[in-house]
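Here are the chains, one letter per residue:
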Amino acid sequence: MKTAAKTKSAPTSKASPKSAPANNAGREVKQSPKVGMVSLGCPKALVDSERIMTTLRSEGYEFSPTHADADVVIVNTCGFLDSAKEESLAAIGDALKENGKVIVTGCMGANPDDITKVHSKVLAVTGPHQYEEVVSAVHKAVPPKHDPFIDLVPAQGLKLTPRHYAYLKISEGCNHRCTFCIIPSMRGDLVSRPALHVLFEAEKLLKAGVKELLVISQDTSAYGTDIKYAESPWKSRRVKAKFHDLVDELGKLARENAAWVRLHYVYPYPHVDDSIDLMLDHMAATKDANAVGGVLPYLDIPFQHASPTVLRAMKRPANQEKVLERIKSWRVKNPDMIIRSTFIVGFPGETEADFQMLLDWLREAQLDRVGCFKYEPVKGAKANDLPDAVPEDVKQDRWNRFMEVQQEISAARLQAKVGRTIMCIVDDADGEGGADARSYADAPEIDGKVYLRNAKNVQQGDIIPVMIEDADEYDLYGVPV
């Protein structure tokens, strides 16, 4: 059953391990060492996994689809919520049981004792984005056997996503100290990549055939503040490491390659307003095949709540009335603007009045895509010390009521698209006329789908105009035009 909040814990690249001997520690290493990879957590962790895999592949390692056939298994963990930690520990346990040689990395690795006290036989534990340490641990467990004639890596590196879209990480860490979050303690403060590095990677991905770049970080709109917007040389000009400038340059690359750029984790700082004009004119794209590429009118903004009291307790900006005004102004500038967000209900101290304020705000904001979490205490989070914890049954009741309101909003906004032509990207085509696509309003894994009929001539990665014929609470149905 779908919910209005189709937020998943992660795009997970875990192959289904088959049954195998309990331990392969004494097995002879094959000519080309094989590595198993389990990637849990958010898209930022997925990018970390891709970088590790790219490095290992360049050194001659191969990758196994099962734990049993691997010489060592890497588990990239998530430690954001206790439920995510439990999933990570279970994945480590599976790998130990079915292989025996396991290296652990990722956010949960920032606190190694949480892992080793449960799984003492892991070979090594490293924290997030510690690529070199992970590769060194693999070298120690299974030394590389390099062959320059066969160790080929595609120019864009190895990816765990389908070939038509890719995540583009522009920074690590976060300078916020939200009381419910422990990410800064695991990933540190904001560290922005130079603009040159980001643009070079984006260009490589687009030239390799990627048709959708999903820009990610912990705080995308803070990009460059830590390096004082340092300039980089790029194509006979200099580009600042600044949100507006980077969005502008990524839009140019996207237009040159008839591709999309989608912005995630955007905090609603005032300077975001200046970038709305850089976004794709969706209506023009439906009429002109040469206008399909650019930055999508789509912003993923983590609002988290609407009550000033709760936001202050979260240590989040408490100016939701101004945010409503800005959302309205964005939609005036670009009527096809899509806003997705996430919220937390049942935060310590949240009263019924606070929750009603959130529902009222939600009805007025009319957000297109929304995810909702019930507050969950996380070890090390400051929110654990706050008084007036909300009972679990009250959390569940509020979550249900929140979802009912958002479901009505989502259904109405999708119904308004019936009869319109919108741009879609094809995710999968069966060759017999059926295809799964996503509109410009839908990010992979977390948003809705557009199901196509009479789509025999489309293939994965095509960006095409689609006439919408029907809608339900979450998805659209249409035909290519």
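Bear in mind that the values here come from a model prediction, so they are computed numbers and not experimental data.

1. Comments concerning the overall build of the protein
The helix and strand tally for the protein stands at 12 helices and 20 strands. Long-range pairs, those at least 24 residues apart, make up 75% of the contacts in the protein between residues at least 6 apart in sequence. For the protein, the exposed surface amounts to about 20400 Å²; the carbon and sulfur share of it is 52%.

2. Let's talk about the sheet that holds strand β13 (residues 294-300)
Taken together, the 6 strands give an open sheet; going across it, the order is β6-β9-β12-β13-β14-β15, and neighbouring strands pair in parallel fashion. Bordering the open sheet on either side are β6 (165-169) and β15 (369-374), each of which pairs with just one other strand. For this sheet, the mean angle separating the axes of adjacent strands, direction not counted, is 20°. The pairing of strand β9 (residues 212-216) with strand β12 (residues 260-263) spans 4 bridges and is parallel. Within β12, the position partnered with leucine 213 by the bridge is valine 261. This element, helix α12 (residues 392-415), spans β14 (338-345) and β15 of the sheet and lies at about 175° to β15.

3. Section: the pattern of salt bridges
Scanning all chains against the criterion turns up 29 salt bridges. Two residues, lysine 252 and glutamate 249, come together in a salt bridge whose shortest N-O distance is 3.5 Å. Here the residue lysine 252 and the residue glutamate 249 both occupy positions in helix α7 (residues 243-256), the gap between them amounting to 3 residues, near one helical turn. A relative accessible area of 29% means that lysine 252 is categorised as partly exposed. In this structure, glutamate 469 engages arginine 453 in a salt bridge whose closest nitrogen and oxygen atoms are separated by 2.6 Å. With glutamate 469 in strand β19 (residues 463-471) and arginine 453 in the loop between β18 (450-452) and β19, this pair connects stretches of sequence that are 16 residues apart. According to the relative accessible area criterion, arginine 453 is partly exposed, its value standing at 39%.

4. Here's the deal with the environment of methionine 186
With respect to the helices and strands, the residue methionine 186 is situated in helix α5 (residues 183-187). C-alpha separation for the pair methionine 186 and glycine 106, spaced 80 residues apart in sequence, amounts to 8.9 Å. Once residues within four sequence positions are removed from consideration, methionine 186 is found in contact with Gly79, Phe80, Cys107, Ala110 and Pro128.

5. Focus: the nonpolar core
Formed by 56 residues in total, the largest nonpolar core has its most connected members in Leu263, Leu299, Trp361, Leu367 and Phe402. The residues contacting leucine 263, other than those within four sequence positions of it, are Val215, Phe243, Val247, Met279, Val295, Tyr298, Leu299 and Asp300.

6. Brief notes about the pairing of β14
For a regular strand, side chains alternate in direction, first toward one face of the sheet and then toward the other. With 8 of 8 residues buried, β14 is to be regarded as a mostly interior element. Alternating positions in β14 separate into two faces, Ile338, Arg340, Thr342 and Ile344 on one and Ile339, Ser341, Phe343 and Val345 on the other, with burial throughout. The sheet contact formed by β13 and β14 spans 3 bridges and is parallel. Across the sheet, the residue bridging to leucine 299 is isoleucine 339, located in β14.

7. Section: the packing of aromatic side chains
If you walk through the whole model with that rule in mind, you get 9 aromatic pairs. Their ring planes at 75° and their centres at 5.2 Å tell us that phenylalanine 347 and tyrosine 375 sit as a pair that is edge-to-face. With phenylalanine 347 in the loop between β14 and α11 (352-365) and tyrosine 375 in the loop between β15 and α12, this pair connects stretches of sequence that are 28 residues apart. Grouping residues by exposure puts phenylalanine 347 and tyrosine 375 together as buried. Pairwise contacts between aromatic rings join Phe303, Phe343, Trp361 and Phe402 into one cluster. The side chain of arginine 438 reaches across the aromatic face of tyrosine 165, ending 5.5 Å from its centre.

8. Regarding the side chain of glutamine 218
Inspection of the secondary structure assignment puts glutamine 218 in the loop between β9 and β10 (231-234). The residues touching glutamine 218, leaving out its near neighbours within four places in the chain, are Lys44, Gly173, Cys174, Ile183, Arg187, Tyr265 and Tyr267.

9. What about helix α4 (residues 131-141)?
Listed as buried for α4 are Tyr131, Val134, Val135, Ala137, Val138 and Ala141. Taken end-on, α4 shows its buried residues confined to a sector of 155°, consistent with a single buried face. Along α4, the residues that are exposed and aim more than 90 degrees away from the buried face are Glu132 and Lys140.

Criteria and thresholds
Residues numbered from 1 in each chain as written. Predicted model: local features only at pLDDT ≥ 70, side-chain atom pairs only at ≥ 80, totals over all residues. Heavy atoms only, no water. Helix = DSSP H or I, 4+ residues; strand = E, 2+ residues; numbered from the N terminus. Contact = heavy atoms within 4.5 Å. Areas by Shrake-Rupley, 256 points an atom, 1.4 Å probe, with all protein chains shown as cover. Pairing = 2+ DSSP bridges. Axes fitted to C-alpha atoms, helices over the stretch in contact; angles between N-to-C directions. Salt bridge = Lys/Arg side-chain N within 4 Å of Asp/Glu carboxyl O. Buried < 20%, exposed > 50% of the residue type's maximum accessible area, 1.4 Å probe, protein only. Core = buried A, V, L, I, M, F, W, Y, C linked by side-chain atoms within 4.5 Å. Phe/Tyr/Trp six-rings, centres within 6.5 Å; stacked < 30°, edge-to-face > 60°. Lys NZ or Arg CZ within 6 Å of the ring centre and 35° of its normal. Arc of directions from axis to C-beta.

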